There are 2 protein chains.
Amino acid sequence: MYLNMMLTKARTSLIKSLKLKKIRIQEELFVIEGAKNVIELLKSNFLLHSLYATTTFLDANRKLVKSLNAEIFTATDTQLAAAGNFRTNNSVIALAKIKENKPLSAGAGEFALILDDIRDPGNLGTIIRVCDWYGISKMIASTSCVDLYNPKVIAATMGSFTRVNLFYTNLKAFMENKNGPYYGAFLDGDNIHTIKFKSRGYIVIGNESTGISREISALTDYRITIPGTGHMESLNAGIATAVVLDNLYRTKRDKRHCPPSRL
Amino acid sequence: MYLNMMLTKARTSLIKSLKLKKIRIQEELFVIEGAKNVIELLKSNFLLHSLYATTTFLDANRKLVKSLNAEIFTATDTQLAAAGNFRTNNSVIALAKIKENKPLSAGAGEFALILDDIRDPGNLGTIIRVCDWYGISKMIASTSCVDLYNPKVIAATMGSFTRVNLFYTNLKAFMENKNGPYYGAFLDGDNIHTIKFKSRGYIVIGNESTGISREISALTDYRITIPGTGHMESLNAGIATAVVLDNLYRTKRDKRHCPPSRL
């Protein structure tokens, strides 16, 4: 059973302060908001620090909550909305321990995603969600990318942050030291509808405004492009990732390297 | 040459008031912000009402501005940021006349997009941008969809609102009276990687949370699905639209019904 402590002012301040990366690093904690995201968190291997929830949420998730080894506070939805970042995700907030930044690379028969300077939290969250959809579980991000533990990133993942791992590193050094092939998404590359992807490698997605940087571009092996009518200059980074991964998923499935789709 | 009027308080109030749909309908005007969107507007067949810009913007776009038949006001970026909705789009704001809600339907060898209850302005804007990319120029939206002329929708289109037309109507009546086929995006349909699209028809995209409504679902001819690993319940509506249209574009190109891609 859970302790029935009420949300305190000190805890409200702690939750609010974790909006700042500096405080997140110092406390080694991050905020997860809303029923969908928190339930995924509770089922994952993230280490829960504390839970702040309405009695309605606690009652509805009694089984899940019962087994938790963390402080649990009850709060009203108004209190939760005031403490959190999203007015609509107000039935539950969790604090969990930030994971160590562990090195990742694409294994045999596997593709990983590389992000060069993705700045928008909503975009990173969407990209993580898209990776989860297509079964990409490893992402390598430049240190200039937005922080995974930013509350807006976590919210936009809709729980996928629990299944997709992200490694922040110096991309140039990473790409120089690891075997590719590296497929970079450009505006002047080969048509992704006709390209034959290798059985393992990396997809590289660039910055929202400027695309893949010159330095990283020089290290890519293949330039790939999403065909279109040419009226628009570019697609949003999340959209581009989804379309590229859909094409990769199709070719990987054709080669039977991937588990069959659930259809 | 343009008149060098300064932005007045009355005009600032007018711009601000157009955030409300009620006022937009009353004034038959909408707001376009930021250089990219406004330049696309000036090149389009939308009727310009007035322009509010920094002298830097006016100087840089002298040729385009010279030929305009509308009132032009100069303003500082601070004034423009205060009048507009986006702090970063502060070099120019335009007001233009709302277009008549004209009936649209898919012509021979053409696909149109149907939107059932899309509520989020960012999603509608992204969907319009994606349609533009894949050469879909007609959209039919349920009257419950968010208003095209909402400033957040216009901003998210990145100028594509000038090339994609949208018709708001009673979807049920529309679908009962027009020939399909209607391809609805569902979670339990046929795999879009293997489906053979007809040469004309409609793609139906549903609400962000609840998908395609039961009423509209009953009128679809084919249920189509984006394959994935099955960890996630769904993809964002903008992402789903992009992936479906990419698959449609591929099959249409294979049949040579579409102009070849620019690659």
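These numbers were taken from a predicted model, which means no experiment stands behind them.

### Digging into the overall build of chain A
And then number 1: Helices and strands together make up the secondary structure of chain A, namely eleven helices and eleven strands.
And then number 2: A globule of 263 residues ought to have a C-alpha radius of gyration of about 18 Å, and chain A, at 20 Å, matches this closely.
And then number 3: If you line up chain A on its principal axes, its C-alpha atoms span 60 × 40 × 40 Å.
And then number 4: A total of 263 residues make up chain A; the buried ones form 45% of that total.
And then number 5: Sequence-distant contacts in chain A: of pairs separated by 6 or more residues, those separated by 24 or more amount to 75%.

### Some points on the pairing of strand β9 (residues 182-191) of chain A
Residues and elements named next belong to chain A.
And then number 1: Taken together, the three bridges between β9 and strand β10 (residues 201-205) define a ladder with parallel strand orientation. By the bridge assignment, Gly184 is partnered in β10 with Val204.
And then number 2: Note: β9 against strand β11 (residues 222-225), five bridges, orientation parallel. In the strand pairing of β11, Asp190 is matched with Ile224.

### What about helix α3 (residues 35-42) of chain B?
And then number 1: Regarding α3(B), the residues found buried are B:Asn37, B:Val38, B:Glu40, B:Leu41 and B:Leu42.
And then number 2: Where α3(B) is buried, its residues touch β2 (29-33), β3 (48-53), α5 (62-66), β5 (92-97) and α8 (151-157) of chain B.

### So, the relation of the copies chain B and chain A
And then number 1: Screw-axis analysis of chain B against chain A gives a translation of 0.0 Å along the axis, an RMSD of 0.0 Å, and a rotation angle of 180°. In short, the pair behaves as if placed about a two-fold rotation axis.
And then number 2: Take the interface residues of chain B: 100% of them recur as interface residues in chain A, which is what a same-surface contact looks like.

### Some thoughts on the nonpolar core
And then number 1: A:Ile203, A:Val244, B:Ile203 and B:Val244 are the most contacted members of the largest nonpolar core, which totals 152 residues.
And then number 2: Sequence-distant contacts of B:Val244, that is, excluding residues within four places in its chain, are made with B:Ala185, B:Ile192, B:Ile203, B:Ile224 and B:Ile226.

### Concerning the interface of chain B and chain A
And then number 1: Taken residue by residue, the interface counts 31 residues in chain B and 31 residues in chain A.
And then number 2: Taken together, the elements giving at least two residues each to the side of chain B that touches chain A come down to α7 (121-133) and α11 (237-254) of chain B.
And then number 3: Broken down by element, the side of chain B that touches chain A gets its largest block of residues, seven residues, from α11(B).
And then number 4: Residues that form the side of chain B that touches chain A fall into these classes: twelve nonpolar, 13 polar and six charged.

### Things to note about the domain arrangement of chain A
Residue and element names in this part refer to chain A.
And then number 1: Taken domain by domain, chain A consists of domain 1 (5-97) and domain 2 (111-254).
And then number 2: Centre-to-centre, using C-alpha coordinates, domain 1 lies 30 Å away from domain 2.
And then number 3: Taken together, the contact between domain 1 and domain 2 spans 17 residues of the former and eight residues of the latter.
And then number 4: Elements represented by at least two residues in the side of domain 1 that touches domain 2 include exactly α2 (21-27), β2 (29-33) and α3 (35-43).
And then number 5: Along the lines of polarity and charge, the residues of the side of domain 1 that touches domain 2 split into six nonpolar, five polar and six charged.

### Section: the sheet that holds strand β7 (residues 138-142) of chain B
Paired through their backbone hydrogen bonds, the strands of a sheet run either parallel or antiparallel.
Residue and element names in this part refer to chain B.
And then number 1: Taking strand neighbours across the sheet as the criterion, the six strands line up as β8-β7-β6-β10-β9-β11 in an open arrangement whose pairing is parallel. Edge strands, defined here as strands with exactly one partner in the open sheet, are β8 (165-169) and β11 (222-225). Put simply, the sheet's adjacent strands are angled 35° from each other on average, direction ignored.

### Considering unusual backbone geometry
And then number 1: In this model, A:Gly180 is joined to A:Pro181 through a cis peptide bond whose omega is 0°.
And then number 2: Along the chain, A:Pro181 falls in the loop between α9 (171-177) and β9.
And then number 3: If you check the backbone angles, B:Glu28 has positive phi at about 55° while not being a glycine.
And then number 4: Note on placement: B:Glu28 falls in the loop between α2 (21-27) and β2.
And then number 5: Overall, B:Glu28 belongs to the partly exposed group, with 14 C-beta atoms counted inside 10 Å.
And then number 6: Even without glycine at this site, B:Asp117 takes up a positive phi of about 70°.
And then number 7: Mapped onto the fold, B:Asp117 is located in the loop between β6 (111-115) and α7.
And then number 8: For B:Asp117, a count of 22 C-beta atoms within 10 Å puts it in the buried group.

### Observations regarding the environment of A:Tyr168
Residue and element names in this part refer to chain A.
And then number 1: Along the chain, Tyr168 falls in strand β8 (residues 165-169).
And then number 2: Since 16 C-beta atoms lie within 10 Å of it, Tyr168 is described here as partly exposed.
And then number 3: Along the primary structure Tyr168 and Ala141 are separated by 27 residues, whereas in three dimensions their C-alpha atoms are 4.8 Å apart.
And then number 4: Excluding residues within four positions of it along the chain, Tyr168 makes contact with Asn101, Ala141, Thr143 and Cys145.

### A few points about the pairing of strand β5 (residues 92-97) of chain A
All names here are of chain A.
And then number 1: Within β5, five of the six residues are buried, leaving the element largely enclosed by the surrounding structure.
And then number 2: The pairing of β2 with β5 spans five bridges and is classified as antiparallel. For Ile32, the partnering residue across the bridge sits in β5 and is Ala94.
And then number 3: Alignment of strand β3 (residues 48-53) against β5, held across five bridges, turns out to be antiparallel.

### Topic: the sheet that holds β9(A)
Residue and element names in this part refer to chain A.
And then number 1: As summarised here, the arrangement of the six strands in space is β8-β7-β6-β10-β9-β11, forming an open sheet in which the pairing is parallel. Taken across any chain shown, the strands that pair with only one partner, and hence form the sheet edges, are β8 and β11. Going across the sheet, the axis of each strand differs from the next one's by a mean of 35°, ignoring polarity.

Cut-offs used in this document
Residues numbered from 1 in each chain as written. Chains lettered and ligands numbered in written order. Predicted model: local features only at pLDDT ≥ 70, side-chain atom pairs only at ≥ 80, totals over all residues. Helix = DSSP H or I, 4+ residues; strand = E, 2+ residues; numbered from the N terminus. Rg over C-alpha atoms; globule rule 2.2 N^0.38 Å. Buried ≥ 20, exposed ≤ 12 C-beta atoms within 10 Å, placed from the backbone. Contact = placed C-beta atoms within 7 Å. Pairing = 2+ DSSP bridges. Least-squares fit on C-alpha atoms with pLDDT ≥ 70 in both. Core = buried A, V, L, I, M, F, W, Y, C linked by C-beta atoms within 7 Å. Nonpolar A, V, L, I, M, F, W, Y, C, P; charged D, E, K, R; others polar. Domains from an automatic or database assignment. Axes fitted to C-alpha atoms, helices over the stretch in contact; angles between N-to-C directions.

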